[in-house]
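Coordinates in review
One letter stands for each residue in the lines below.
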Amino acid sequence: AKLRGYLSPEEMVGRPAADFRLGTEEEWQQEEQFVRQGFRIHDAERPARAADGSLKWFSYSATGVVERGLFVRVWGRVSDITPRKALEAELRALSSWRASILEQERTRIAREIHDELGQQLTALKFQAAASERGARPHPPHLPGTRISFSLKGLTLPGKNRPRMAVTTRRGA
């Protein structure tokens with residue numbers, strides 16, 4: 001009674017079961033399971049309505065007593081797990097938030113890499129086209145150079161990080 005916020009068990013006596021139940025499908029399934037298992041259930045969890053109407057979570061094990069074919073009472077163990085359930089919900093929310101932040105960061109990095117690499121490749125394309133036309137490639141003091149590039153040094157863009165290596169060679 002005290003776990004549910006009542007001052008004494010007498011406050012609960014004579015009240016309709018609907019005052020304590022939520023009427024969910026899961027609740028009905030647990031009660032069916034209790035009956036099918038010979039009026040026994042072990043380490044089940046479910047929400048219930050407290051005296052003030054709030055929702056509380058309980059973990060329980062119960063054994064029913066049947067006399068002359070009639071279910072007369074139940075005894076068992078009940079623990080209030082409302083704080084644990086609140087922490088689990090908070091943990092799920094934080095985990096979801098973290099996953100969202102990670103996805104946003106991945107998207108930002110991918111865009112940054114795409115933009116920077118696209119700019120570098122476009123510059124190389126212009127230089128290669130100029131070289132094929134016989135135009136003087138940049139730098140102007142190296143006529144007839146061949147432009148080559150390597151992706152070996154490419155890393156995430158940012159300050160003080162290696163960029164794509166672009167080399168020029170004479171002849172050949």
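Refer to the structure printed above.
Cut-off values and rules
- Residues numbered from 1 in each chain as written.
- Predicted model: local features only at pLDDT ≥ 70, side-chain atom pairs only at ≥ 80, totals over all residues.
- Heavy atoms only, no water.
- Pairing = 2+ DSSP bridges.
- Helix = DSSP H or I, 4+ residues; strand = E, 2+ residues; numbered from the N terminus.
- Phe/Tyr/Trp six-rings, centres within 6.5 Å; stacked < 30°, edge-to-face > 60°.
- Lys NZ or Arg CZ within 6 Å of the ring centre and 35° of its normal.
- Core = buried A, V, L, I, M, F, W, Y, C linked by side-chain atoms within 4.5 Å.
- Buried < 20%, exposed > 50% of the residue type's maximum accessible area, 1.4 Å probe, protein only.
- Axes fitted to C-alpha atoms, helices over the stretch in contact; angles between N-to-C directions.
- Contact = heavy atoms within 4.5 Å.
- Salt bridge = Lys/Arg side-chain N within 4 Å of Asp/Glu carboxyl O.

Relative to strand 2 (residues 55–67), strand 1 (residues 40–49) runs antiparallel, the two being bridged by eight bridges. In the strand pairing of strand 2, glutamate 45 is matched with serine 59. Hairpin geometry of strand 1 and strand 2 is characterised by an intervening segment of five residues between the two adjacent antiparallel strands and by a positive phi of about 90° at glycine 53. Of the strand pairs in this sheet, strand 2 and strand 3 (residues 70–80) are connected by 10 bridges, and their pairing is antiparallel. Following the sheet pairing, glycine 64 is matched in strand 3 by valine 74.

Attention shifts here to the packing of aromatic side chains. Any aromatic ring pair is given by two values, namely how distant the centres are and how the planes are angled relative to each other. Summed over all chains, the structure comprises three aromatic pairs. Geometrically, the ring pair formed by phenylalanine 34 and phenylalanine 71 is edge-to-face, given 6.1 Å between the ring centres and 85° between the ring planes. Of this pair, phenylalanine 34 sits in helix 1 (residues 25–36) while phenylalanine 71 sits in strand 3, and the two are 37 residues apart along the sequence. Through a chain of ring-to-ring contacts, the aromatic side chains of Phe34, Phe39 and Phe71 assemble into a single cluster. Across from the ring centre of tryptophan 57, 4.5 Å away, lies the NZ or CZ of lysine 85, which sits over that ring.

What follows covers the nonpolar core. Listed in full, the five residues of the largest apolar core are Phe34, Ile41, Ala44, Tyr60 and Ala62. Where this core is concerned, the elements lending two or more residues are strand 1 and strand 2.

This part takes up the sheet that holds strand 1. Across the sheet, which stays open at both edges, the three strands sit in the order 1-2-3 with antiparallel pairing between neighbours. Edge positions in the open sheet fall to strand 1 and strand 3, since each of these has one partner strand only. Strand after strand, the sheet turns through a mean of 40° between neighbouring axes, direction not considered. Strand contacts of helix 2 (residues 82–132): strand 1, strand 2 and strand 3, with the helix running at about 135° to strand 2, the strand carrying the most contacts.

Our focus in this paragraph is the pattern of salt bridges. Within this structure, the stated rule accounts for 14 salt bridges. In this structure, the salt-bridge partner of glutamate 67 is arginine 73, at a minimum N-O distance of 3.0 Å. Judged by relative accessible area, which is 45%, arginine 73 ranks as partly exposed. Measuring nitrogen to oxygen at the nearest pair gives 2.8 Å for the salt bridge that ties glutamate 112 to arginine 108. One end of the pair, glutamate 112, and the other, arginine 108, are both in helix 2, four residues apart, so they sit about a helical turn from each other. When its relative accessible area of 29% is taken as the criterion, glutamate 112 is described as partly exposed. Note on arginine 108: relative accessible area 41%, which makes it partly exposed. Linked by salt bridges that have partners in common, Glu45, Arg84, Lys85 and Glu88 make up one network.

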